[in-house]
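Residues per chain, in single letters:
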2 protein chains.
Amino acid sequence: MEFSFTTLGTASARPTSNRYPSAHILTIGGRLFLIDCGESAQIQMTRAGLSIARIDNVFISHLHGDHVFGLFGLLSTMDMIGRVSPLHMYAPSQMRSVIDFFLKQFGGLKYQVVLHTVKCAEPVKILEFKTLDVYAFPLRHRVETYGYLFKEKAPQQNIIKEKIEEKHLTIEEMARLKEGNNITRDGGEVLLSSELTYTPFYPRSFAYCCDTAPFRELPGWVKGVDLMYHEATYGNDLDVLAKSTFHSTAADAAQCAKDACAAKLVIGHYSSRYRNVEVLLAEARKLFPETYLSKEGTKFDIPVKTAFKSE
Amino acid sequence: MEFSFTTLGTASARPTSNRYPSAHILTIGGRLFLIDCGESAQIQMTRAGLSIARIDNVFISHLHGDHVFGLFGLLSTMDMIGRVSPLHMYAPSQMRSVIDFFLKQFGGLKYQVVLHTVKCAEPVKILEFKTLDVYAFPLRHRVETYGYLFKEKAPQQNIIKEKIEEKHLTIEEMARLKEGNNITRDGGEVLLSSELTYTPFYPRSFAYCCDTAPFRELPGWVKGVDLMYHEATYGNDLDVLAKSTFHSTAADAAQCAKDACAAKLVIGHYSSRYRNVEVLLAEARKLFPETYLSKEGTKFDIPVKTAFKSE
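Note that the structure is a prediction, hence the values are computed from the model and not measured. (Residues numbered from 1 in each chain as written. Chains lettered and ligands numbered in written order. Predicted model: local features only at pLDDT ≥ 70, side-chain atom pairs only at ≥ 80, totals over all residues.)

**Q** Looking at this structure, I do not really get the overall build of chain A. What am I missing?
**A** Secondary structure assignment for chain A yields eleven helices and 20 strands. Long-range pairs, those at least 24 residues apart, make up 64% of the contacts in chain A between residues at least 6 apart in sequence. (Helix = DSSP H or I, 4+ residues; strand = E, 2+ residues; numbered from the N terminus. Contact = placed C-beta atoms within 7 Å.)

Below is the structure:
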């Protein structure tokens, strides 16, 4: 099952000729999750071959223009292409007046925009699917801002094939073992779930941390994440500016990934001052070698992590 | 002096991977006039090498999203790059609430947006510079919509050099002749302005006609224009759809250019149904051979038209 992250825009507040404002697609299976929706998001999606029709959930970090000015265009186009199913939007409460204004000024939509207001001081689950949980957590920015964590659910254990015959397992026993239960048979024989089952795959996870200044709790909230997207607006040379504007440097992002024991870090939200962002990459890699640069249209895959199947 | 028209977006309501919503720059001398401001306009400008800082006047045809969703981003970026001088905006009255909402929701700007409400039933002058007049005129669309006509002012006549010595013209005589006056000297000699002066150049003009259904008065209002930009949302195959949505076909655009005796027609605002817009060009050229396709970033120059200087 696909689990991938595509950047549609890597600019910070001021776009450049080839860097678009913040917008990202997380693809999990057949679902597309849109995270932030800066100007041109809909066009960048089309360019990346991602269908707008497949978005049912939009996550907005905060109400700064470079993260939301693509919403009106997206909502209009969704209507135009015949959307009728509700669109769910997760965003700070200020989004209410933006949606209301849009509906009033630019006409009704043939579908409903269901706004789920995000408000939390620590991570909370905001959305759940059969195989996926989504959490919001607060970030530290100049305005109310949230990050989002997407975690596949731990799968049920599978029975090790060879053990079925060896232990003459019944269907009921197998069902209980798969749920992690140990069984004591009538004769006193003990069947251990840990010995007779295996984990078919390890759940994958993705964290979105943008915009934010670094803060102590963040790495703990996204501990062990497979892929962390973290803003790196500035380099070390503009550390003071990063602090005063509640942004992060590339080194801040790397330190967060390191402290969180993330497997991979993708940085973005580059200030337009950096024509060449390799300098940001180099600064981050000093602390966290598994850092990569986001680029418009670039997809980062998180492959399925299968566990051992039998001894 | 430059007089050119650059298309930033050629899409109609639905953008595609390479067609952006409506936005155009008319460059006259050192001034950039932005006409409509669809999503991504600011980025398309940067790509075309056109400086946002040089825009002082924005003209909006109507309040459909594909003509205005780039405004919030543009206004924000103007603020970010240090704009302090007022930005003048010419638009239908509905723009007031859009600007008010933007200022309230996304923070104050360090410059003023001066909204000049356009309201007319026939062409009216809405702006005047030393060498240029700008007119608005109503179009026929589903909502209140205006087109814009930019006309260089007729220049003062120049004295034909050879005549200065031949007629022993005084400075006062020359001043009066340049203004078009004839002079009768004390001895009875008549100095004809038409014989002693020449027109240094013919004033150039540009008309923007988008979005609109064709209507009888339009060609007369833009008579003799050098360059007409006219929407050509559909081809002959969708003539019925064009009519019902108050849009034009390529043939409608061509007929308007022909009836207006325009020198050149540029078509755009293509429906996303047309992957290849050559079919629209072919249909237009049957009626008006001097038709050209707009394309993102393409500039159309209107060269200075000098008149004869002396016999």
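Structure's up, so let's keep going.
**Q** Would you mind going over the relation of the copies chain A and chain B with me for this structure?
**A** Each of the two chain copies can be generated from the other by rotation about an axis followed by a shift along it. Mapping chain A onto chain B is achieved by rotating through 180° and translating by 0.0 Å along the same axis, at an RMSD of 0.1 Å. Viewed as a symmetry operation, the transformation between the two copies matches a two-fold axis. Relative to the rotation axis, the closest C-alpha in chain A is found at Ser40(A), a distance of 2.8 Å. A share of 100% of interface residues in chain A that are also interface residues in chain B marks the association as one of identical surfaces. (Least-squares fit on C-alpha atoms with pLDDT ≥ 70 in both.)

**Q** Just to check I follow, could you spell out helix 10 (residues 250-259) of chain B for this structure?
**A** Given 3.6 residues per helical turn, the α-helix brings residues three or four places apart onto the same face. Residue and element names in this part refer to chain B. Helix 10 sits mainly inside the fold: seven of its ten residues count as buried. Along helix 10, the residues classified as buried are Ala250, Ala251, Asp252, Ala253, Ala254, Cys256 and Ala257. Turning to helix 10, the residues buried within the fold contact strand 15 (205-209), helix 8 (218-221), strand 16 (227-231), strand 17 (264-268), helix 11 (278-287) and strand 18 (291-293). (Buried ≥ 20, exposed ≤ 12 C-beta atoms within 10 Å, placed from the backbone.)

**Q** Hey, could you run me through the pairing of strand 17 (residues 264-268) of chain A in this one?
**A** It is a general feature of regular strands that their side chains alternate between the two faces of the sheet. Residue and element names in this part refer to chain A. The element strand 17 is largely enclosed, with a buried count of four among its five residues. Where strand 16 (residues 227-231) meets strand 17, five bridges bridge the pair, whose relative direction is parallel. Along strand 17, the bridge assignment pairs Tyr229 with Val266. Pairing geometry for strand 17 and strand 18 (residues 291-293), over three bridges, is parallel. Within strand 18, the position partnered with Val266 by the bridge is Tyr292. Note on the crossover from strand 17 through helix 11 (residues 278-287) to strand 18: the handedness is right-handed. (Pairing = 2+ DSSP bridges. Right-handed = clockwise from strand over helix to strand, strands pointing away.)

**Q** I'm lost on the interface of chain A and chain B in this one. Help?
**A** By convention, interface size is frequently given as the accessible area that disappears when the constituent parts associate. Each partner contributes to the interface: chain A provides 25 residues, whereas chain B provides 25 residues. Breaking the side of chain A that touches chain B down by element, the ones donating at least two residues are helix 1 (41-47), helix 3 (71-80) and helix 4 (95-105) of chain A. The residue makeup of the side of chain A that touches chain B, split by class, is ten nonpolar, twelve polar and three charged. (Nonpolar A, V, L, I, M, F, W, Y, C, P; charged D, E, K, R; others polar.)

**Q** How should the sheet that holds strand 4 (residues 55-59) of chain A be read in this particular structure?
**A** Across a sheet, paired strands are connected by hydrogen bonds in the backbone, their directions being either parallel or antiparallel. Residues and elements named next belong to chain A. With mixed pairing, seven strands are arranged side by side in an open sheet as 6-5-4-3-2-1-19. What marks the edges here is a single partner per strand, and that holds for strand 6 (113-117) and strand 19 (299-301). Pairwise comparison of adjacent strand axes, ignoring direction, gives a mean angle of 20° for this sheet. Looking at chain direction, strand 3 (residues 31-37) and strand 4 are connected through four bridges and run parallel. Following the sheet pairing, Phe33 is matched in strand 4 by Asn57. Helix-sheet contacts for helix 4 involve strand 5 (87-91) and strand 6, and the interaxial angle to strand 6 is about 165°. (Axes fitted to C-alpha atoms, helices over the stretch in contact; angles between N-to-C directions.)

**Q** Teacher, can you tell me more about the domain arrangement of chain A here?
**A** Domains assigned within chain A are domain 1 (3-155 + 199-306) and domain 2 (158-193). One C-alpha centre belongs to domain 1 of chain A, the other to domain 2 of chain A, and the line joining them spans 43 Å. (Domains from an automatic or database assignment.)

**Q** Would you take a moment to explain the pairing of strand 8 (residues 132-138) of chain B for this structure?
**A** Residue and element names in this part refer to chain B. Strand 8 sits mainly inside the fold: five of its seven residues count as buried. For strand 7 (residues 124-128) and strand 8, the ladder comprises four bridges, and the chain directions are antiparallel. Bridging from a neighbouring strand, Glu128 pairs with Asp133 of strand 8. Count of turn residues in the strand 7/strand 8 antiparallel hairpin: three residues. Sheet analysis places strand 8 next to strand 9 (residues 146-152), joined by seven bridges and oriented antiparallel. From the neighbouring strand, Phe137 faces strand 9, where its bridge partner is Gly147.

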